[in-house]
Number of protein chains: 2
Amino acid sequence: MGSQWLQGFETGSAGQRGLLGGKGANLAEMTRIGLPVPPGFTVTTDACRDYQSAGRKLPDGLWPQITQALQQLETQMGKRLGDDRDPLLVSVRSGAAVSMPGMMDTVLNLGLNRRSVAGLAERTNDPRFAWDCLRRFIQMFSHVVLGLEMHAFELMLGAARRRSGAANDAEIPVAALQQLVADYEAEVLAQTRAPFPEDPLHQLQAAVCAVFDSWANDRAVIYRQLHQISDSLGTAVNIQAMVFGNMGPTSGTGVAFTRDPVTGENKFYGEYLINAQGEDVVAGIRTPGKIADLAVEMPAAYAQLAATCQRLERHYGDMQDIEFTIENHKLYMLQCRSAKRPASAALRIAVDMANEGILTREQAVMRITPTEVEHSMHSRLADDVGGQLLATGQAASPGAASGRVVFDAETAVAWEKRGDQVVLVRPETTPDDLAGMIAARGFVTSRGGTTCHAAIVARGMGKPCVVGCDALQIDLIARTCQVGSITVREGDVISLDGGDGRIVRGDAPVLAPEPSTALATILLWADEFRTLRVRANADNPVDAAKARENGAEGIGLCRTEHMFGQGGHHPERMAAVQRMIAAETTQDRLTALDALRPMQEHDFVGIFRAMAGLPVTIRLLDPPLHEFLPTDDQIAEIAVRNPGHAEALRKRKGQLHETNPMLGFRGVRLGIVYPEIYEMQIAAILAAAATVAADGVTVLPEIMIPLVGDKSELVVMRNMVTSLAAQYADGVPYLIGTMIELPRAALVANELAEIAEFFSFGTNDLTQTTWGYSRDDAEGGFLGRYLGDKLLDHNPFVVLDRKGVGKLIEIAVERGRATRPQIKIGICGEHGGEPNSIAFCHGLAMQYVSCSPNRVPVARLAAAQAALAARGMAATGSTV
Amino acid sequence: MGSQWLQGFETGSAGQRGLLGGKGANLAEMTRIGLPVPPGFTVTTDACRDYQSAGRKLPDGLWPQITQALQQLETQMGKRLGDDRDPLLVSVRSGAAVSMPGMMDTVLNLGLNRRSVAGLAERTNDPRFAWDCLRRFIQMFSHVVLGLEMHAFELMLGAARRRSGAANDAEIPVAALQQLVADYEAEVLAQTRAPFPEDPLHQLQAAVCAVFDSWANDRAVIYRQLHQISDSLGTAVNIQAMVFGNMGPTSGTGVAFTRDPVTGENKFYGEYLINAQGEDVVAGIRTPGKIADLAVEMPAAYAQLAATCQRLERHYGDMQDIEFTIENHKLYMLQCRSAKRPASAALRIAVDMANEGILTREQAVMRITPTEVEHSMHSRLADDVGGQLLATGQAASPGAASGRVVFDAETAVAWEKRGDQVVLVRPETTPDDLAGMIAARGFVTSRGGTTCHAAIVARGMGKPCVVGCDALQIDLIARTCQVGSITVREGDVISLDGGDGRIVRGDAPVLAPEPSTALATILLWADEFRTLRVRANADNPVDAAKARENGAEGIGLCRTEHMFGQGGHHPERMAAVQRMIAAETTQDRLTALDALRPMQEHDFVGIFRAMAGLPVTIRLLDPPLHEFLPTDDQIAEIAVRNPGHAEALRKRKGQLHETNPMLGFRGVRLGIVYPEIYEMQIAAILAAAATVAADGVTVLPEIMIPLVGDKSELVVMRNMVTSLAAQYADGVPYLIGTMIELPRAALVANELAEIAEFFSFGTNDLTQTTWGYSRDDAEGGFLGRYLGDKLLDHNPFVVLDRKGVGKLIEIAVERGRATRPQIKIGICGEHGGEPNSIAFCHGLAMQYVSCSPNRVPVARLAAAQAALAARGMAATGSTV
């Protein structure tokens, strides 16, 4: 089988993520480079897979290997698990190859029981510490391994705190802890009808199985679905000698980031608790101290920690998120990993690291994900919210959102389904809330810090989040939250700004994102590396200018139907278009077209000026004519003023009705049957180009014929363009080309290229015809079922289908170039802004992709990454 | 240029049709094999093309070549054109490569004038003959070359006959002929304001130009359009020494066929006139004698003629149509060509010739055209319908029918039930009309082309159909149709001939198809040569039996939707289907399906029995469910009885509405979303197979999954079939396969073949998606324009588009075989019955084609011809 089930920390390295999981690999790596890591070993993901396929039981031979590794650990530590006088305690922690924060389980202080607790107390001379460990162990083991509800234990712990008058858990005296242990044991007995397991080896085996089982728990499965992580990866289990942050005031535990995790600023950042164990920080029960304070409290440990963190960052070439424990002033590293960060921080970090020499510019570009570029262009709330400010919490994930308040995940899901925008408000979130977090626009918590669950998930999802807003008094029973005298009820609208922590009543004004200099820098670097040009789809001068601002190098698709008044912008144009369509004679049609031409020409002039020096691809009229006709109700209104025209419209509507308009009378078919329409458009394009060129502006019009299926159609159109060019173009150069959006066009691309000077793949329609999917119908219909049942991995309208549609594109590119080696090739469907599809286009050495103006920055990055990937570089950005 | 302008008869051969035209090539061939052909030469089609491209004038250098060839002819004949004492006369006759009977012009007796007529009279000692020649020449030249109306000349000829008391032209005395010549000359002078041209060389040049010009006359252009003959072929001109059938009672002229041109019987057949020239026979002015009489009148000439004809038939290996002249007992051959013949005769001749050893069986099979097979199986209207012709539309499905006109399906059904024969007349038909179409004898539509719904259904049913007859103005309110001034009311009787498009008032005489043993023989021979199997598309036991009678070797497409009641056959099934569709829960759906299953199973049992021992491919439900729902009016009716069900139907109809149903929720998508529907169908198939197999009948069911685009769909279906097979199939072998009808299916055929044991190309849908043509919309819309403007050579729904759709088929075949070398491959679209497409399937070594039962004989022939063509044999049937 070649399965490897175990590996000690001292023999592994960071490259073994797949086998050891992220946590295990990084523990091995830190061990390897000499950092203070408590000894231990990893039970591998191989073992987990074999466990799963053995029907959730340890495969034969694994347990003896574990006990043997344990013996080595005992030898190394000079202690034995379960030893009554000096027991070895271990942590048992999950760790998958892909980070799944909080999704799986951990047991600390394992190995302790009523006998060894005395030995530990004696050995450390600290009975309170020993009983605290036992109390913690029983509580955690009961929850994680025995599957009991945490709630009862929390109630008993709270009661113990109150009875002993302790301000926090660390102040609970030893006697109260002993009573608490007895209470816990009674609870376990009551609930499981068995005493709490005292045998340390039994505890260990049960804990390993529990971690393996946690790979398949509901929240982990949902998380993996959300982030498209394979179920077959499995988790590793790390068994490590315990070190103790709860050994009194000389000990502590904390998490740290090598840079500010929210802004990305190069500033050591972290939180810690004195006399605590790791879960205390994460749970957000006590509010931790800022890492800078540790420099005061424990200067030596702090200095060692800071230096270690810097070393780790340089070692990994990335900002690190670490966990540490200080036991009697001695620093131990318990975990390191690349830190999650919001998009804006990711950009800043990548740019800074390149400037600091930690990364090359290529590496910096590969460090950013397309999703981060997208998220970095986040909105925020207006500064002045008119006295509606409710409270301010910690800014945990940037962006602004508004929505109805909901207080639990189920309500979030239900209300979102019925069409509401919702904001999830919780004391804190847990992995159980995940479905609700997916449904919500943003999250607010009254507890927790910027490293709490809600914050991490929000940053991963790119959703706004405010945490630790303790001014909010949330009443989950009454379903209200109180801020001073103000009561917010479930269903009330609030807004939040995850970039500055504000929570506002009502639907506050949202400001569009500000341009980020880090983003601009990354994109400039990306531009150096990419070979694909990026154009935008824009139909008017405003969009064209915006596209150019975002770095578009031309227009890849200018849809002339919008100039025909489609979309309701220009009712006077629409009226002219309707007259044109209702015309009974060519002469009437020409008269209507004469009215439209100056309007189109005016638009083209504006677009050409906005794109001075850059190519502009203009698609002649594409949609079926019936799309321009008024509704039956509108015709009834027209009939009041002009019964003749209404009758003509009604008649025409009947004639133009089609069973399958997608496959009907549209595109070049219109230009063949009503040549005067295309003649008008071509004349307007060429005349506008001549006008702008006369001002000394470089104009590069590219006339694109849609829905071509046969060369004969292009011949007719080329002849039309040629003869109009003689009349209107006045020496302005232009290209004529075609969309490839029908399978047949791809298959006869060699013939089309005899005429076409460029190809532009209309992948929306090409996907519809190749799959036989009507997008309008499929996405609301069977396609959802297909995606849900995993018959398809991706919606082919979102991610270009390489096997089918991509194969046709390959055929077309190859055949087109065989006829005309220099043919200009691009893509203008929505896939033009989707990174996977952009990589495909790069692979075919297309000249450009064209996407919506907002997607241009994403496409610039994706194009660079495709080029760098082709040089063998891997993308290193966070996948979550 | 390589143009060759002239060639003498003595140097050419039959293989030079393209250059010499059919007449010239055959004159050369007859000369070559030593038959008595008057000497002459051919001005070639090269010369004609150069004449046309020079702007209708003789290209430089041609005339000197003609005069030089003329001098050689003069030397050979010992006479000179225009010689006053012994003039050479010539005929100037057109002759294109493709036979265009009567379309172009001929001038006889050229070279005569007022001076030479005396020499001819003296030389022949027959003044009457000489003046008859001059009279004929002036008349013919004036009409053909000078463009004068024939009418005035006919009037003068008739007057001369009456004045001289002659029974026919041959009896007009010489003086009267002399007066007639003078009258003719005066008429020419009056009409052309110029005297009749006397110069023989001038005459010759004008005649050559006139023949060339006749290539472009209106009737020739229309004829070529009708028969798809290229305008660029051009005609040749044959200049030949005259021989004279009008030299008194020892002379004559005639036409003959080597076999009976109507029945094909091997019997010498022909007609002749004594003392006449060729045009007299064709013109039908005198009633000619039967050729047998010639044996009595001129035994020697007859014997020579009969022997020559037999020799020609053997020489050409085909029945010949010849023209001859006897001049003073001496036989001259003036023309031979393969004779046109009706389909029944063509079959008889081919079989007879093979039995006589003139043809091999292979040659006999190549001699028959698919159209002849088709026509031979249908009745037709008599040619003479006594002035009752109403209009002519497009011939869409051959056969003749008469019946009372009805304007809707309900009336058709009702009247048929009460015993009337009805003809359904509609603007166009839809699936809603199916019940009416079943009831009617034939259909007429005013819209649509030969591939519209009515045409397809008609051919499937084998009923006569005429479509696109736009001369019919149908008024569905008044229940009349108007053709010009004639009004046809509902209930009036009309007749139609779907083989030629005629629509006739009243009950026109119908000629029954003669059951042809010759057809059976040809098809048996064809079966020996073909490698493609021929199956039929059939949905019920009756069609299956009919298909088998026609030679089908299995069913290639059994559409289960017809068993669901589509088409109105089974209202009780339709009701169950509607309950199934309207079901709100899976349980309700299962209950409705339980009602349908025994019905489907019963149908399958019948089909399996009918096709005992042969494979039956059954396609699971394909059409979108909304096609089964009632119309809004029908729902309103249902509401009266069952408001709840009506409401459910209405709601479901709204849910199932689609923008583009062709690309929507149909095919395997239904089977994925509602597995219980396919489960019911699969269970019914397998249970039926087991039932029939239990009787010892060999059953070969092939379960076909429609509209597959991805392997995952097939995996789901294969699993479904496998698990049902365990329950129902009871050891009966079966195959599972898929239709290839989406471009993506073709592109991923290698993956599909991992599951599919057979592929069947659904070329109707594959054509729709590859071209982006909605058939329902395109054929009544822009596609007509495309075909009219010659943007497309063929309607791709009729003739398989090899470049696009064919390319995808090639890809699919190659990829499918790469995965599964023995995969069974066939085609079941309508192209399966179209000869060009069948040849394509043969080229890809498919296992079978499947077509409508009526097309099976055509497909058998076409498959054999494809196989023989691949061996290098050419089809030799008549193209017209």
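Everything that follows concerns the structure shown earlier in this document.
Predicted model, so just to flag it, every value in this text is computed and none were measured.

Criteria and thresholds
All chains use their own residue numbering, which begins from 1 and follows the written sequence. For naming, the first written chain is A and the first written ligand is 1, with later ones following in the order written. With pLDDT at 70 or above as the cut-off, local features in this predicted model cover only qualifying residues; side-chain atom pairs require 80 or more to be listed or tallied, and sums for whole chains, interfaces and linings still use all residues. The basis for every side-chain value is the complete set of heavy atoms in the structure, and neither hydrogens nor water enter the calculation. Elements are defined by DSSP. Helices are runs of H or I of four residues or more, strands are runs of E of two residues or more, and each kind is numbered from the N terminus. Buried means the residue's accessible area, taken with a 1.4 Å probe over protein chains only, is under 20% of the maximum for its type, while exposed means over 50%, and partly exposed covers the values in between. In this description, contact between two residues means that some pair of their heavy atoms is separated by no more than 4.5 Å. Here the accessible surface of atoms and residues is derived via Shrake-Rupley with a 1.4 Å probe, and residues count as covered only by protein chains that are part of the display. In this count, Lys and Arg are taken as positive residues and Asp and Glu as negative ones, while His and the chain termini are left out. Note that the charge is assigned to NZ on lysines, CZ on arginines, CG on aspartates and CD on glutamates. Lines are fitted to the C-alpha atoms to define the axes, a helix being fitted only along its stretch in contact, and any angle between axes, read from their N-to-C directions, falls within 0 to 180 degrees. Geometric relationships in this document are graded by angle, where less than 35 degrees denotes roughly parallel, more than 145 denotes roughly antiparallel, 65 to 115 denotes roughly perpendicular, and other angles denote oblique. Here the nonpolar group is Ala, Val, Leu, Ile, Met, Phe, Trp, Tyr, Cys and Pro; Asp, Glu, Lys and Arg are the charged ones; every other residue, Gly included, is treated as polar. Helix span is expected to be 1.5 Å times the residue number reduced by one. Two strands are counted as paired when DSSP detects at least two bridges linking them. Planes of paired rings set the category: under 30 degrees apart is stacked, over 60 is edge-to-face and the rest tilted, where pairs are Phe, Tyr or Trp rings (Trp by its six-membered ring) whose centres lie within 6.5 Å. A ring has a charge above it when a Lys NZ or an Arg CZ is no more than 6 Å from the ring centre and no more than 35 degrees off the ring normal. As a working definition, buried area equals the accessible area (1.4 Å probe) given up by two parts on being put together, with both sides summed. Throughout this description, the term salt bridge denotes a Lys or Arg side-chain nitrogen within 4 Å of a carboxyl oxygen of Asp or Glu. What we call a nonpolar core is a set of buried Ala, Val, Leu, Ile, Met, Phe, Trp, Tyr and Cys residues that are connected through their side-chain atoms within 4.5 Å. Identification of polar contacts relies on pairs of N or O atoms within 3.5 Å, with a donor-acceptor requirement for protein atoms, meaning one able to donate a hydrogen and the other able to accept it, and with residues adjacent in sequence counted only if both atoms are side-chain atoms.

Draft legend 1. Region of the structure containing the overall build of chain A. When you go through chain A residue by residue, the secondary structure sums to 35 helices and 33 strands. Dimensions of chain A along its principal axes, counting C-alpha atoms only, are 105 × 60 × 50 Å. Burial analysis of chain A (880 residues in total) assigns 60% to the buried set. Within chain A, contacts between residues at least 6 apart in sequence are counted, and of these 69% link residues at least 24 apart. For chain A, the exposed surface amounts to about 33,300 Å²; the carbon and sulfur share of it is 50%. In chain A, 83 positive and 101 negative side-chain charges are present, and the distance between their average locations comes to 2 Å.

Draft legend 2. Representation of the packing of helix H2 (residues 45-53) of chain B against helix H8 (residues 200-214) of chain B. Residues and elements named next belong to chain B. Taken N-terminus to C-terminus, the directions of H2 and H8 make an angle of 80 degrees; their axes are 10 Å apart at the nearest point. Put simply, H2 runs roughly perpendicular to H8. For the pair H2 and H8, contact is made by Ala47, Cys48, Tyr51 and Gln52 and by Cys209, Phe212 and Asp213, respectively. Looking at the contact of H2 with H8 residue by residue, the classes come out as five nonpolar, one polar and one charged.

Draft legend 3. Local environment of helix H7 (residues 174-192) of chain B. Residues and elements named next belong to chain B. In a regular helix each residue adds 1.5 Å, so 19 residues correspond to 27 Å; H7 covers 27 Å between its end C-alpha atoms and thus fits that length. Of all the residues in H7, the buried ones are Ala176, Leu177, Leu180, Val181, Tyr184, Glu185, Glu187 and Val188. Check the buried side of H7 and you find it contacts helix H5 (127-144) and helix H6 (150-163). Arg193 sits one or two positions beyond H7 and adopts a positive phi of about 55 degrees.

Draft legend 4. Layout of the packing of helix H5 (residues 127-144) of chain A against helix H6 (residues 150-164) of chain A. Residue and element names in this part refer to chain A. Put simply, H5 and H6 touch, their axes get as near as 9 Å, and they point 160 degrees apart. One finds that H5 runs roughly antiparallel with respect to H6. Side by side, H5 and H6 meet where Arg135, Gln139, Ser142 and His143 of the first sit next to Met150, Phe153, Glu154 and Leu157 of the second. In terms of residue class, the contact of H5 with H6 is made up of three nonpolar, three polar and two charged.

Draft legend 5. The arrangement of the sheet that holds strand S6 (residues 106-110) of chain B in detail. All names here are of chain B. Strands sit in the order S1-S2-S7-S5-S6 across an open sheet of five strands; the sheet is antiparallel. Looking at the sheet topology across the chains shown, the edges are occupied by strand S1 (6-8) and S6. On average, adjacent strands in this sheet sit at an angle of 20 degrees to one another, irrespective of strand direction. Inspection of the sheet shows strand S2 (residues 40-43) paired to strand S7 (residues 235-241) by four bridges, in the antiparallel sense. Of the residues in S7, the one forming a bridge with Gly40 is Gln240.

Draft legend 6. How the structure looks around the packing of aromatic side chains. The full count for this structure, using the stated rule, is 30 aromatic pairs over all chains. Taken together, a centroid distance of 5.6 Å and an interplanar angle of 70 degrees make the contact between Phe782 of chain A and Tyr786 of chain A edge-to-face. In this pair, Phe782 of chain A and Tyr786 of chain A both sit in helix H32 (residues 782-788), four residues apart, roughly one turn of the helix. The class of Phe782 of chain A is buried, set by a relative accessible area of 4%. Taken together through their ring pairs, the aromatic side chains of Phe665 and Tyr674 of chain A together with Trp771, Tyr773, Phe782 and Tyr786 of chain B make up a single cluster. Between Arg418 of chain A and the ring centre of Trp415 of chain A, over which it is positioned, the NZ or CZ distance is 4.4 Å.

Draft legend 7. Main features of the sheet that holds strand S24 (residues 502-505) of chain A. Residues and elements named next belong to chain A. Here we have eight strands laid out as an open sheet, ordered S14-S24-S23-S16-S17-S18-S19-S15, and mixed in their pairing. Looking at the sheet topology across the chains shown, the edges are occupied by strand S14 (389-392) and strand S15 (394-397). Shown here is a sheet whose adjacent strand axes are inclined to one another by a mean of 30 degrees, direction ignored. For strand S16 (residues 400-406) and strand S23 (residues 493-497), the ladder comprises five bridges, and the chain directions are antiparallel. Paired with Ser402 across the two strands is Ser495, which belongs to S23. In the packing of helix H16 (residues 409-417) onto the sheet, contacts are made with S16 and strand S17 (422-426), and the angle to S16 comes to roughly 110 degrees.

Draft legend 8. Structural detail: the interface of chain B and chain A. If you look at the interface, chain B gives 45 residues, while chain A gives 45 residues. Carbon and sulfur atoms supply 59% of the area that chain B and chain A bury against each other, a total of about 4,000 Å² over both sides. Linking chain B with chain A are four salt bridges. With a shortest N-O distance of 2.7 Å, Arg744 of chain B and Asp801 of chain A are connected by a salt bridge. Elements with a minimum of two residues in the side of chain B that touches chain A: helix H25 (668-673), helix H27 (711-728), helix H28 (743-747), helix H30 (763-771), helix H31 (775-778), helix H32 (782-788) and helix H33 (805-819) of chain B. Class assignment for the residues of the side of chain B that touches chain A results in 21 nonpolar, eleven polar and 13 charged.

Draft legend 9. How the structure looks around the pattern of salt bridges. Using the criterion set out here, one finds 108 salt bridges over all chains in the structure. In this structure, the salt-bridge partner of Glu830 of chain A is Arg775 of chain A, at a minimum N-O distance of 3.3 Å. One end of the pair, Glu830 of chain A, is in the loop between strand S32 (824-827) and helix H34 (835-843); the other, Arg775 of chain A, is in helix H31 (residues 775-778), and 55 residues separate them in sequence. One salt bridge in this structure joins Glu323 of chain B and Arg93 of chain B, with 3.6 Å as the shortest N-O distance. Taken together, the residues Glu323 of chain B in strand S11 (residues 320-327) and Arg93 of chain B in strand S5 (residues 90-96) connect sequence positions 230 residues apart.

Draft legend 10. Representation of the nonpolar core. Residues Phe608, Phe761 and Ile809 of chain A together with Phe608, Phe761 and Ile809 of chain B are the most contacted members of the largest nonpolar core, which totals 228 residues. Once you skip the residues sitting within four places of it in the chain, Phe608 of chain A turns out to touch Val616, Ile618, Ile685, Ala688, Ala689, Val692, Val699 and Pro701 of chain A.

Draft legend 11. Focus on helix H33 (residues 805-819) of chain A. Helix length check: H33 of chain A (15 residues) gives 21 Å between terminal C-alpha atoms against 21 Å at 1.5 Å per residue, within 8%. Within the span of H33 of chain A, buried status applies to Val805, Gly806, Leu808, Ile809, Ile811, Ala812, Val813 and Gly816 of chain A.

Draft legend 12. Region of the structure containing the side chain of Asp46 of chain A. Residues and elements named next belong to chain A. Among the structural elements, Asp46 can be located in helix H2 (residues 45-53). For Asp46, a relative accessible area of 14% corresponds to the buried category. For Asp46, the side chain forms a polar contact with the main-chain nitrogen of Gln4, separated by 2.8 Å.

Draft legend 13. Structural context of unusual backbone geometry. Residues and elements named next belong to chain A. Phi at Asn109 is positive, roughly 60 degrees, even though this residue is not glycine. Tracing the chain through its elements places Asn109 in strand S6 (residues 106-110). Residue classification places Asn109 among the buried residues on the basis of a relative accessible area of 0%. Located in the positive-phi region is Asp730, a residue other than glycine, with phi close to 55 degrees. Counting through the fold element by element, Asp730 comes out in the loop between helix H27 (711-728) and strand S30 (735-740). Since its relative accessible area comes to 65%, Asp730 is described here as exposed.

Draft legend 14. Here's a closer look at the environment of Thr411 of chain B. Residues and elements named next belong to chain B. When you line up the elements, Thr411 lands in helix H16 (residues 409-417). The spatial distance from the C-alpha of Thr411 to the C-alpha of Val422 is 9.2 Å, given a sequence separation of eleven residues. Beyond its immediate stretch of four places on either side in the chain, Thr411 contacts Val406, Glu416, Arg479 and Glu490.

Don't take any of this as a statement about function, it's just geometry.
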